[in-house]
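Here is what each chain is made of, one letter per residue.
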Amino acid sequence: MWRGVFPAVTTKFTTEGDLDKAEMERCFALQFEAGVDGMIVCGSLGENMTLEADEKIEILKIAKSVAGGKPVLMTICESATRRGEAAARAAAKAGADGFMVLPGVPYKSAPTETLAHVQAVAAAGGLPIMVYNNPVAYGVDVTLSMFDELARNELVVAMKESTDDIRRVTEVLTRFGERFDCFTGVDNLALESLLMGAHGWVAGLVVAFPKETVAIWKLVQAGRLEEARAIYRWFRPLLDLDVSTNLVQNIKLAEVSAIDSNDRVRAPRLPLVGAERHRVQGIIEAALAKRPTLPAF
């Protein structure tokens, strides 16, 4: 149902800290112009927990306005199931094509609680969902046994696999075949996961480098693996910026240099400064200096 590159986009703010709607429209459009297959708004990279409910709906509408009919998923990341249900109903009414659903973070729920939360949000929204499994960041692992239960729910169609365990993709496909669309969610394990059969890539650095990200996906699908590896090896230092506590600040800084955007974040986050900003900027500038020529398709 969902295949290919799905950017988990950043949220853009004005100097006053409000939503920068025009800049989001521009940045989101760049993604679709580069050939991405869908989009996920208001995720971890989108600073979900700092956004108000009405702001999330506004961001969804901006993405839908430039998506050209491609799917736009709303992230449901709520600490209370009832708020998750309300968010899903509101997003469905506003035109979402589906949801990416997290456990009820920051609470480290038991398996039965996690399943109940996901099932309740799915029922409330009534649209297809991707389960975001990131035990490294959130402390809750949606295990294969739990997906046995979720497989009975026709609304659960996909998973974002972010366990940081490259073996999991094979285990998912061996156990479930094509029942779920399995997306890799760790940028610096993306090519490895795609080579093992992952159906897509929920990507972060794509917001700054959409053409390179799409090229890797297309090359893998075409069996042009040496070309994919060459781009991925160039990309790898940048992709490592996604696997960091400061992933939002890192990636927004990459957007400054690569797509002439800004790195404004919403408190409690603050932009990178000092030695850390210098280090990350050095990685970005080194990559830009050796940016590869992309092959034709």
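Residues numbered from 1 in each chain as written. Predicted model: local features only at pLDDT ≥ 70, side-chain atom pairs only at ≥ 80, totals over all residues. Heavy atoms only, no water.

1. Remarks on the pairing of strand β5 (residues 129-133)
Alright, step 1. Burial analysis of β5 places five of its five residues in the buried class, which makes it a mostly covered element.
Alright, step 2. In the sheet, strand β4 (residues 98-101) pairs with β5 via three bridges, with the strands oriented parallel. When the bridges of β5 are listed, Met100 appears paired with Met130.
Alright, step 3. Taking the sense of rotation as the criterion, the β-α-β connection linking β4, helix α4 (residues 111-125) and β5 turns out right-handed. (Buried < 20%, exposed > 50% of the residue type's maximum accessible area, 1.4 Å probe, protein only. Helix = DSSP H or I, 4+ residues; strand = E, 2+ residues; numbered from the N terminus. Pairing = 2+ DSSP bridges. Right-handed = clockwise from strand over helix to strand, strands pointing away.)

2. Let's talk about the nonpolar core
Generally speaking, soluble globular proteins have nonpolar side chains that are buried together.
Alright, step 1. In this structure, Val41, Met74, Phe99 and Leu238 are the most contacted members of the largest nonpolar core, which totals 82 residues.
Alright, step 2. Broken down by element, this core gets its largest block of residues, seven residues, from helix α10 (residues 225-239).
Alright, step 3. Ignoring anything within four residues of it in the chain, the contact list for Val41 reads Val9, Ile59, Leu60, Ala63, Val72, Leu73, Met74 and Thr75.
Alright, step 4. Phe6, Ile40, Cys77 and Met130 belong to the second largest nonpolar core, which has 16 residues in total. (Core = buried A, V, L, I, M, F, W, Y, C linked by side-chain atoms within 4.5 Å. Contact = heavy atoms within 4.5 Å.)

3. Points about helix α1 (residues 21-33)
Alright, step 1. Here α1 is 13 residues long and its end C-alpha atoms lie 18 Å apart, about the 18 Å a rise of 1.5 Å per residue gives.
Alright, step 2. Of the positions making up α1, those classed as buried are Glu23, Met24, Cys27, Phe28, Ala29, Gln31 and Phe32.
Alright, step 3. On its buried face, α1 sits against β1 (4-7), β2 (39-41), α2 (53-66), α9 (210-221) and α11 (247-259). (Expected span 1.5 Å × (residues − 1).)

4. With respect to the packing of aromatic side chains
Alright, step 1. Scanning the model with the defined rule gives seven aromatic pairs in all.
Alright, step 2. Taken together, a centroid distance of 5.9 Å and an interplanar angle of 85° make the contact between Tyr132 and Tyr138 edge-to-face. Here the two residues Tyr132 and Tyr138 agree in accessibility, since each one is buried.
Alright, step 3. Measuring from centroid to centroid gives 5.8 Å for Phe209 and Trp234, while their planes differ by 80°, and the two rings are edge-to-face. With a gap of 25 residues between them, Phe209 in the loop between β8 (200-203) and α9 and Trp234 in helix α10 connect regions that are remote in the sequence. (Phe/Tyr/Trp six-rings, centres within 6.5 Å; stacked < 30°, edge-to-face > 60°.)

5. Observations concerning the UniProt feature "active site" (unreviewed entry) in the protein
Alright, step 1. Residues annotated in UniProt with the feature "active site" (unreviewed entry) correspond here to Tyr132 and Lys160. These annotated residues cover 29 residues of sequence, but their C-alpha atoms sit close together, with the largest distance between any two at 4.7 Å.
Alright, step 2. Ignoring anything within four residues of it in the chain, the contact list for Tyr132 reads Ser44, Met100, Val101, Leu102, Pro103, Tyr138, Lys160 and Ser162.
Alright, step 3. Looking at where Lys160 falls in the secondary structure, it is placed in strand β6 (residues 156-161). (UniProt positions renumbered as here; feature names shortened; annotations may be inferred.)

6. Topic: helix α3 (residues 81-94)
Alright, step 1. Along its 14 residues, α3 runs 20 Å from first to last C-alpha, staying within 8% of the 20 Å computed at 1.5 Å per residue.
Alright, step 2. When α3 is considered as a whole, its buried residues turn out to be Gly84, Ala88 and Ala91. Buried residues along α3 cover an arc of 70° about the axis, so they all sit on one side. In α3, the exposed residues that point more than 90 degrees away from the buried face are Arg82 and Lys93. (Arc of directions from axis to C-beta.)

7. Observations concerning the side chain of Glu78
Alright, step 1. Among the structural elements, Glu78 can be located in the loop between β3 (72-76) and α3.
Alright, step 2. Leave out the neighbours within four places in its chain, and Glu78 touches Lys56, Arg83, Gly84, Ala87, Pro103, Gly104, Val105 and His117.

8. Quick word on the packing of α2 against α3
Alright, step 1. Where α2 meets α3, the axes come as close as 10 Å, and the angle between the chain directions of the two elements is 30°. In this view, α2 runs roughly parallel relative to α3, as classed from their interaxial angle. Of the two elements, α2 crosses α3, and the hand of that crossing is right-handed. Of the residues in α3, those touching α2 at Ile57, Leu60 and Lys61 are Ala90, Ala91 and Ala94.
Alright, step 2. A class-by-class count of the residues in the contact of α2 with α3 yields five nonpolar, no polar and one charged. (Axes fitted to C-alpha atoms, helices over the stretch in contact; angles between N-to-C directions. Parallel < 35°, antiparallel > 145°, perpendicular 65-115°, else oblique. Left-handed = near helix turned anticlockwise from the far one by under 90°. Nonpolar A, V, L, I, M, F, W, Y, C, P; charged D, E, K, R; others polar.)

9. Quick look at the sheet that holds β5
Alright, step 1. Here we have eight strands laid out as an open sheet, ordered β1-β8-β7-β6-β5-β4-β3-β2, and parallel in their pairing. At either end of the open sheet lies a strand with only one pairing partner, and these are β1 and β2. Across the sheet, the axes of successive neighbouring strands diverge by a mean angle of 30°, strand direction being ignored.
Alright, step 2. Both β3 and β4 contribute to a ladder of four bridges, which runs parallel. Looking across to β4, one finds that Thr75 is bridged to Met100.

10. Some details on the UniProt feature "binding site: pyruvate" (unreviewed entry) in the protein
Alright, step 1. In the numbering used here, UniProt assigns the "binding site: pyruvate" (unreviewed entry) feature to Val202.
Alright, step 2. Note on placement: Val202 falls in strand β8.
Alright, step 3. A relative accessible area of 2% places Val202 in the buried class.

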